[in-house]
Amino acid sequence: MDIVYPRCAGLDVHKKTVVACVRRLGANGKVHKEVRTFGTMTSDLLSLADWLAQEGVTHAAMESTGVYWKPVWNILDEQFQLLLVNARHIKQVPGRKTDVKDSEWIAELLQHGLLRGSFVPPAPQRELRELTRQRMQLMHQKASVANRIQKILEDANVKLASVATDVLGMSGRDMLRAIIAGQENPAVLAELARRKLRAKIPELRSALQGRVTEHHRFMLKLLLDQVTQLEELIERLNQRITATLPASMKEALPQLLEVPGIAERAAENILAEIGTNMEQFPTDGHLSSWVGMSPGNNESAGKRKSGRTTKGNQWLRATLVQVAWAASHAKDTYLAAQYRRLAGRRGKKRALVAVAHSILIIIYHLLKKPGTTYRDLGPEYLDKLQSTQLTSDLVRRLERLGYKVSLEQAEAEGVPQEPADGPTLINVAGVPSP
């Protein structure tokens, strides 16, 4: 095989050690290799960088091993061309598994140009990722604590959640604080309801009649304090994210907010994961595969087997599914119609993944060409694509109910034309409009 990189290195990264193998192409055409082991302290990694520089290394590759690759990347990124490679792509031959063999195998694959690097965003975006991911984890913790509060209320025979939509809303918190303070009269507790919840005061009086003990009050106080602390941390993260959001992402934020289901926090999570530069993803299919939203290919002997989505960026995938759930409840939109169309025959979960995939394609094309504007195709778009089949199905259903059906063609509605001069419009499928 051809040698692409005459001087390269393969790094097998662990928690405490880094095994480095340097491969050099000599003047006689033979390949010389040398293996050394270094620690992972900063001084050790600087020694590794000096040794690679002395050997004339230009490119280096390493596996994406947990978070242990990050210190190595931070030290070597300024001096060498680095590749962070998916571990599945460079599996070692069975029966020959050692740290030295791993580093030699990585170096050999890299020297022949057989490795493909993963997408590693620049340092500012990596820092923004840590902020948004930490915020998501704190929000999950808050939801867990809220569920725990509900369990304590059920144990105390307090059915507040059966009447109030949000137990941790303004009215719910006032009632919880009163219960913690020792108030047991359900009529007094019900009077703490605010706004629309006041219409349910009779139901609240019945729901708030329970058997609250001192243990229940202690647990409710503890959990309510924990919710307050988590909310304060989330707010601090919100302020930090707003302050550190790059200018390019601030400009792209209004574009994403036009898409149904995408709120400001979700848009920040999306931009933190993929950025605004789509050059690293040649097509929307590459981005979908990287996120793990594209259908898997598994075919053998002409038979198509499982089409489960592939593994990818779990953080962005979770955000997109949440956005898809919000979009499925929007009124008079293509995405809501797509969800209803698929949920009936494929199930709600698969329909959400399909809608999330469509949203990701929309995002790709919006970011690919700055200044583009989202245009919804409308809830009837899918029906118009298969109008003949849909008409036949509806006629047959009416005939089975005993009706005699005759059809008359209505006048065709005018199709709105796009202005000759103006921003490019992106439809819901992510394909530029003609």
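It should be emphasised that the depicted structure is a prediction, and the values quoted were computed from it without experimental measurement.

Undergrad: How would you summarise the overall build of the chain if you had to cite specific residues and measurements?
TA: The helix and strand tally for the chain stands at 16 helices and 9 strands. In summary, the chain has a C-alpha radius of gyration of 29 Å against a globular reference of 22 Å for 434 residues, an excess of more than 25%. Dimensions along the principal axes, computed over C-alpha positions, put the chain at roughly 90 × 75 × 50 Å. Across the 434 residues in the chain, those meeting the buried criterion constitute 39%.

Undergrad: Now, about the sheet that holds strand β3 (residues 31–39): what can you tell me, with residues and values included?
TA: The strands making up a sheet are joined through hydrogen bonds of the backbone, oriented either antiparallel or parallel. Sheet architecture is open: 5 strands sit in the order β3-β2-β1-β4-β5, paired in mixed fashion. The outermost strands of the open sheet, each flanked by one partner alone, are β3 and β5 (81–85). Here the average twist between neighbouring strands, direction ignored, is 20 degrees. Of the pairings in the sheet, the one linking strand β1 (residues 7–13) to strand β4 (residues 59–63) comprises 4 bridges and is parallel in character. Residue Ala-9 lies in a different strand from β4, and its bridge partner there is Ala-60. Contacts from helix α2 (residues 69–76) reach β1, β2 (17–25), β4 and β5 within the one sheet, and its direction differs from that of β5 by about 165 degrees.

Undergrad: Describe the nonpolar core, listing the residues and the values that go with them.
TA: When a protein is soluble and globular, its nonpolar side chains tend to lie buried together. Counting 77 residues, the largest nonpolar core has Leu-204, Leu-256, Ile-262, Leu-320, Ile-359 and Ile-363 as the members making the most contacts within it. Top element by residues in this core is helix α14 (residues 348–368). It accounts for 11 residues. Ignoring anything within four residues of it in the chain, the contact list for Ile-262 reads Leu-256, Leu-257, Ala-267, Ile-270, Val-323, Ile-359 and Ile-363. Membership of the second largest hydrophobic core comes to 23 residues, among which are Leu-11, Ala-20, Val-57 and Ala-60.

Undergrad: Give a description of unusual backbone geometry that names residues and reports values.
TA: Residues apart from glycine generally show negative phi values, whereas peptide bonds are mostly found in trans. For Arg-195, which is not glycine, the phi dihedral falls at a positive 50 degrees. Its location among the elements puts Arg-195 in the loop between α6 (186–190) and α7 (201–207). A relative accessible area of 75% means that Arg-195 is categorised as exposed. Despite not being glycine, Asp-332 shows a phi value in the positive range, around 55 degrees. Within the secondary structure, Asp-332 is located in the loop between α12 (314–328) and α13 (334–346). On the basis of relative accessible area, Asp-332 is assigned to the exposed category, the value being 66%.

Undergrad: Requested: an account of α12, with residues and values cited.
TA: Relative to the 21 Å expected for 15 residues at 1.5 Å per residue, α12 spans 21 Å between its end C-alpha atoms, a close match to the ideal helical length. Along α12, the positions that sit buried rather than exposed are Leu-316, Thr-319, Leu-320, Val-323, Ala-324, Ala-327 and Ser-328. Buried residues along α12 sit against α4 (123–155), α10 (264–274), α11 (284–291), α13 and α14. Regarding α12, its N-cap is Asn-313, as a side-chain oxygen of that residue lies 3.1 Å from the backbone nitrogen of Trp-315 further along.

Undergrad: Break down the side chain of Asn-238 for me, with residues and values.
TA: Topologically, Asn-238 is positioned in helix α8 (residues 214–244). For Asn-238, the side chain forms a polar contact with the side chain of Arg-135, separated by 2.8 Å. Leaving out residues up to four positions away in the same chain, Asn-238 has contacts with Arg-135 and Arg-265.

What counts and what doesn't
Residues numbered from 1 in each chain as written. Predicted model: local features only at pLDDT ≥ 70, side-chain atom pairs only at ≥ 80, totals over all residues. Heavy atoms only, no water. Helix = DSSP H or I, 4+ residues; strand = E, 2+ residues; numbered from the N terminus. Rg over C-alpha atoms; globule rule 2.2 N^0.38 Å. Buried < 20%, exposed > 50% of the residue type's maximum accessible area, 1.4 Å probe, protein only. Pairing = 2+ DSSP bridges. Axes fitted to C-alpha atoms, helices over the stretch in contact; angles between N-to-C directions. Contact = heavy atoms within 4.5 Å. Core = buried A, V, L, I, M, F, W, Y, C linked by side-chain atoms within 4.5 Å. Expected span 1.5 Å × (residues − 1). Polar contact = N/O pair within 3.5 Å; in protein donor to acceptor, adjacent residues only side chain to side chain.

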